[in-house]
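This is what each chain is made of:
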Amino acid sequence: MPNKTQQHCKQCNSDGVGSFCNNCGQAYLTKRITTGSVIHEIFHFFSHLDKGILYTLKMLVIAPGAMQKEYVEGHRAKHQKPFSMFFLCATIATLIYYWVNLILLKHFNAGNADEASFFHQYFVILQVLMLPIYTLFTYVFFIGNKYNFAETFVLLLYSLSILIIVSALLQLLLFIWPDLETRFIELPIVVLYNLFTNFKFYGNEKKWVIVIKTILLSAICFLVAGLVQDNLITLL
């Protein structure tokens, strides 16, 4: 039976009947916040992540290129949206970079204080600013394909989401080898991942052409990103 008792809305101070306010839509009955309700909210949050972010991450690992192609061509309900996916992954990577540098400085007499400050304050901004440049390079290299600039942008948003997480996780190796140049490990990983991605996404081109384009493209983007990052760390 519908609730016919007059209710008062705590949000907009209007009165009405039923379970939800006819004016603002908030539930009339609001329970007190408790430890149990907070735990429930956390569980609800992560259970929803499993349906979007974690599923998309899994597909980016096991089916790179196919996942992005599926999204671009209209199969989108199962996947986390590209912008939110990218920003979440960039934020996680920022925290990993920052804390790794702090721990290295404090406990290993290694690391770089300027890098720690840079990653904490500017890493996400840098990635956002570099995205259009990466997209432009990729679009020009594969301009004969059917995908437009915006669709190429979505491809890069998803690819970089997983690559910046991998790049950040590689920093953990510095706890074993503090002087390790992780870039020499990152570059082959980037090239291999982009190869698998482009084979699926740009499948209409010959594979040897995709290999050449991908190697050149990855090297150019990697070099530009490294130069910009190093110069910004020096300046800032």
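Residues numbered from 1 in each chain as written. Predicted model: local features only at pLDDT ≥ 70, side-chain atom pairs only at ≥ 80, totals over all residues. Heavy atoms only, no water.

S.K.: What am I meant to see in the overall build of the protein here?
M.R.: A tally of regular secondary structure across the protein gives 8 helices and 2 strands. The helix and strand sequence of the protein, counted from the amino end, reads β-β-α-α-α-α-α-α-α-α. Relative to its 236 residues, the protein shows a buried fraction of 38%. By sequence separation, contacts in the protein at least 24 residues apart represent 59% of the contacts at least 6 residues apart. (Helix = DSSP H or I, 4+ residues; strand = E, 2+ residues; numbered from the N terminus. Buried < 20%, exposed > 50% of the residue type's maximum accessible area, 1.4 Å probe, protein only. Contact = heavy atoms within 4.5 Å.)

S.K.: For this particular structure, what's the right way to read a nonpolar patch on the surface?
M.R.: Taken together, the side chains of Trp208, Ile212, Leu216 and Ile220 present a nonpolar region at the surface, about 410 Å² in accessible area. With respect to the helices, strands and loops of the structure, Ile212 is situated in helix H8 (residues 207–235). (Patch = residues over 30% accessible without salt bridge, like charges linked within 9 Å, V, L, I, M, F, W, Y side chains within 5 Å. Areas by Shrake-Rupley, 256 points an atom, 1.4 Å probe, with all protein chains shown as cover. Salt bridge = Lys/Arg side-chain N within 4 Å of Asp/Glu carboxyl O.)

S.K.: Where do I start with helix H6 (residues 149–170) in this structure?
M.R.: Residue pairs spaced three or four apart in an α-helix point in one direction, given the helix's 3.6 residues per turn. Along its 22 residues, H6 runs 31 Å from first to last C-alpha, staying within 8% of the 32 Å computed at 1.5 Å per residue. Of all 22 residues that make up H6, 17 are buried, and the element is covered over most of its length. The N-cap residue of H6 is Asn148: its side-chain oxygen and the backbone nitrogen of Ala150 are 3.1 Å apart. (Expected span 1.5 Å × (residues − 1). Polar contact = N/O pair within 3.5 Å; in protein donor to acceptor, adjacent residues only side chain to side chain.)

S.K.: Would you mind going over the side chain of Gln171 with me for this structure?
M.R.: By the element assignment, Gln171 lies in the loop between H6 and helix H7 (183–201). Looking at Gln171, the relative accessible area reads 8%, which means it is buried. Sequence-distant contacts of Gln171, that is, excluding residues within four places in its chain, are made with Tyr97, Val100, Thr182 and Glu186.

S.K.: Can you help me understand helix H4 (residues 82–107) in this one?
M.R.: The terminal C-alpha atoms of H4 lie 37 Å apart, and with 26 residues this matches the ideal 38 Å at 1.5 Å per residue to within 8%. Positive phi appears at Asn109, one or two residues downstream of H4, with a value of about 50°.

S.K.: I keep staring at unusual backbone geometry and nothing clicks. Help me out?
M.R.: In terms of backbone geometry, most residues other than glycine have negative phi values and most peptide bonds are trans. Of note in this structure, Asn13 is not a glycine but carries a positive phi near 65°. Position of Asn13 among the secondary structure elements: in the loop between strand E1 (7–8) and strand E2 (15–16). Asn13 sits in the exposed class, given a relative accessible area of 57%.

S.K.: Explain the nonpolar core to me, please; I cannot follow it from the model alone.
M.R.: A general tendency of soluble globular proteins is for nonpolar side chains to be buried together. With 43 residues, the main nonpolar core has Leu60, Leu131, Tyr134, Tyr158 and Tyr202 as its most contacted residues. Those elements that place two or more of their residues in this core are helix H2 (53–62), helix H3 (66–72), H4, helix H5 (113–141), H6, H7 and H8. No other element matches H6, which puts 12 residues into this core. (Core = buried A, V, L, I, M, F, W, Y, C linked by side-chain atoms within 4.5 Å.)

S.K.: Sorry if this is basic, but what is going on with the environment of Gln7 here?
M.R.: Tracing the backbone through its elements, the reader meets Gln7 in strand E1. For Gln7, the residues in contact, after removing those within four places along its chain, are Ser14, Asp15, Gly16, Gly18 and Tyr28.

S.K.: Please explain the packing of aromatic side chains as it appears in this structure.
M.R.: Ring pairs (aromatic) are described by centroid distance and by the angle formed between their planes. Tallied over the entire structure, the rule returns 9 aromatic pairs. Where Tyr147 meets Tyr202, the ring centres are 6.2 Å apart and the plane angle is 70°; that geometry is what we call edge-to-face. Placement of Tyr147 in the loop between H5 and H6 and of Tyr202 in the loop between H7 and H8 is noted, with a sequence separation of 55 residues between them. Given the relative accessible area of 6%, Tyr147 is considered buried. (Phe/Tyr/Trp six-rings, centres within 6.5 Å; stacked < 30°, edge-to-face > 60°.)

S.K.: Would you mind going over the environment of Thr135 with me for this structure?
M.R.: Within the secondary structure layout, Thr135 lies in helix H5. Sequence spacing of Thr135 and Phe153 is 18 residues, and the spatial spacing of their C-alpha atoms is 5.4 Å. In contact with Thr135, other than residues within four places in its own chain, are Phe149, Thr152, Phe153 and Leu156.

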